[in-house]
Amino acid sequence: DAGVIQSPRHEVTEMGQEVTLRCKPISGHNSLFWYRQTMMRGLELLIYFNNNVPIDDSGMPEDRFSAKMPNASFSTLKIQPSEPRDSAVYFCASSSSGVKNIQYFGAGTRLSVL
Amino acid sequence: AQTVTQSQPEMSVQEAETVTLSCTYDTSESDYYLFWYKQPPSRQMILVIRQEAYKQQNATENRFSVNFQKAAKSFSLKISDSQLGDAAMYFCAYRPMTAGSGGGADGLTFGKGTHLIIQP
């Protein structure tokens, strides 16, 4: 199994630009999560999907952030326009609806907004 | 809302010794999962150990074990025979057991982490 795949690994952009982060969950998993990690706030849940449907987006910081899951094998997190305070590591995780429900994380995308 | 607290920002231990990382949490739920994740410098989040709240027996995984005290809402991680490869950030996390909407899982609530240093 290839695990959760995120791209890009690193992203450097300028303030005001649009940023799109991508995630491919583990095949067969029906839950997908986006987290953000910063020094100040630690790891925070931004949004999660069950069966491609957004369930809870209360962690999305502002309207500049949006997430989609057009099919079971792909999700995007978009920031438009980006700001320096968005600089963080963004993780995607997936899990199945089985008994153990363990979340498996991707390697993360380190975003730097200059 | 659930909260997870890790009161030790940093811990240091001699190689081959035993170290215990602390975690407390607050919840009104009676059924839930608790986890310890490890994040080495590569930043990959790796599951170390998992505990179901309804199980009285403490979970163990090789050199890793937990001390789960449900009444005290405490969930500490013990690492025995510490190895250099154990050096990492360790995060305690909580998730309710009830299934989220749509039949899937809910998200994790994390503590702020403990930086574990292994002294050779």
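Residues numbered from 1 in each chain as written. Chains lettered and ligands numbered in written order. Predicted model: local features only at pLDDT ≥ 70, side-chain atom pairs only at ≥ 80, totals over all residues. Heavy atoms only, no water.

**Q** Help me out: how do you make sense of the nonpolar core in this one?
**A** Formed by 25 residues in total, the largest nonpolar core has its most connected members in Tyr-25, Trp-36, Phe-75, Leu-77, Tyr-90 and Leu-116 of chain B. Looking at this core, the elements that each hand over two or more residues are β3 (19–21), β5 (32–39), β6 (46–52), β8 (64–69), β9 (74–79), β10 (88–96) and β12 (114–119) of chain B. Per element, the largest residue contribution to this core is 4 residues, and it comes from β10 of chain B. Not counting residues within four places of it along the chain, the set of residues in contact with Tyr-90 of chain B comprises Gln-6, Leu-21, Trp-36, Tyr-37, Lys-38, Val-48, Phe-64, Leu-77, Ile-79, Gly-113, Thr-114 and Leu-116 of chain B. Ranked by size, the runner-up nonpolar core spans 21 residues in total, among them Val-4, Phe-49, Leu-111 and Val-113 of chain A. (Core = buried A, V, L, I, M, F, W, Y, C linked by side-chain atoms within 4.5 Å. Buried < 20%, exposed > 50% of the residue type's maximum accessible area, 1.4 Å probe, protein only. Helix = DSSP H or I, 4+ residues; strand = E, 2+ residues; numbered from the N terminus. Contact = heavy atoms within 4.5 Å.)

**Q** Would you explain the packing of aromatic side chains in this entry?
**A** The relative placement of two aromatic rings is captured by the distance of their centres and the angle of their planes. Under the counting rule described, the total for this entry stands at 16 aromatic pairs over all chains. Taken together, a centroid distance of 6.1 Å and an interplanar angle of 80 degrees make the contact between Phe-91 of chain A and Phe-105 of chain A edge-to-face. Here the residue Phe-91 of chain A occupies a position in strand β9 (residues 88–95), and Phe-105 of chain A occupies one in strand β10 (residues 104–105), the gap between them amounting to 14 residues. Taken individually, Phe-91 of chain A and Phe-105 of chain A each receive the classification buried, so the pair is uniform in this respect. Ring centres 5.3 Å apart and planes at 75 degrees place the aromatic pair Phe-105 of chain A and Tyr-37 of chain B in the edge-to-face group. Residue Phe-105 of chain A is found in strand β10, and its partner Tyr-37 of chain B is found in strand β5; the two belong to separate chains. Taken together, the ring pairs connect Phe-33, Tyr-35, Tyr-48, Phe-91 and Phe-105 of chain A together with Tyr-33, Phe-35, Tyr-37, Phe-91 and Phe-110 of chain B into an aromatic cluster. (Phe/Tyr/Trp six-rings, centres within 6.5 Å; stacked < 30°, edge-to-face > 60°.)

**Q** Explain unusual backbone geometry here, please?
**A** Negative phi values dominate among residues other than glycine, just as trans dominates among peptide bonds. In this structure, Pro-8 of chain A follows Ser-7 of chain A across a cis peptide bond, with omega equal to -10 degrees. Tracing the backbone shows Pro-8 of chain A in the loop between β1 (5–7) and β2 (10–13). In the segment running from Gln-80 of chain A into Pro-81 of chain A, the intervening peptide bond is cis, with an omega of -10 degrees. Topologically, Pro-81 of chain A is positioned in the loop between β8 (74–79) and β9. A positive phi is found at Lys-73 of chain B, a non-glycine position, where the angle reads about 50 degrees. With respect to the helices, strands and loops of the structure, Lys-73 of chain B is situated in the loop between β8 and β9. Judged by its relative accessible area of 26%, Lys-73 of chain B falls in the partly exposed class. The phi angle at Asp-81 of chain B is positive, at roughly 50 degrees, despite the residue not being glycine. Inspection of the secondary structure assignment puts Asp-81 of chain B in the loop between β9 and β10.

**Q** Mind showing me how you'd approach the sheet that holds β1 of chain A here?
**A** Sheet strands pair by backbone hydrogen bonding; their relative direction is either parallel or antiparallel. Residue and element names in this part refer to chain A. On the basis of which strands lie adjacent, the open sheet formed by 4 strands has the order β1-β3-β8-β7 and antiparallel pairing. Each edge of the open sheet carries a strand with a single partner, namely β1 and β7 (65–71). Shown here is a sheet whose adjacent strand axes are inclined to one another by a mean of 15 degrees, direction ignored. (Pairing = 2+ DSSP bridges. Axes fitted to C-alpha atoms, helices over the stretch in contact; angles between N-to-C directions.)

**Q** Please clarify how the layout of surface pockets should be interpreted in this entry.
**A** By rolling a water-sized probe across the atoms, one finds the places where empty space is left. Of the pockets and cavities examined, the largest pocket occupies roughly 440 Å³. As for the largest pocket, its lining consists of 23 residues, of which Glu-44 and Leu-45 of chain A together with Leu-108, Thr-109 and Phe-110 of chain B are closest to the centre. Looking at the lining of the largest pocket, the elements with two or more residues in it are β5 (42–50) of chain A together with β1 (3–5), β10 and β11 (109–110) of chain B. The leading source of residues in the lining of the largest pocket is β5 of chain A, at 5 residues. Space inside the second largest pocket adds up to approximately 340 Å³. Broken down by secondary-structure element, the contributors of at least two residues to the lining of the second largest pocket are β4 (31–38) of chain A together with β10 of chain B. Per element, the largest residue contribution to the lining of the second largest pocket is 3 residues, and it comes from β10 of chain B. Of the residues that constitute the lining of the second largest pocket, the class distribution is 7 nonpolar, 5 polar and 3 charged. (1 Å grid on protein atoms, 1.4 Å probe; cavity = no way out; pocket = protein on both sides within 12 Å on 5 of 7 lines; lining within 4 Å. Points joined across faces, edges and corners; volume = space filled by probe spheres on them. Nonpolar A, V, L, I, M, F, W, Y, C, P; charged D, E, K, R; others polar.)

Just distances and angles here, no functional claims.
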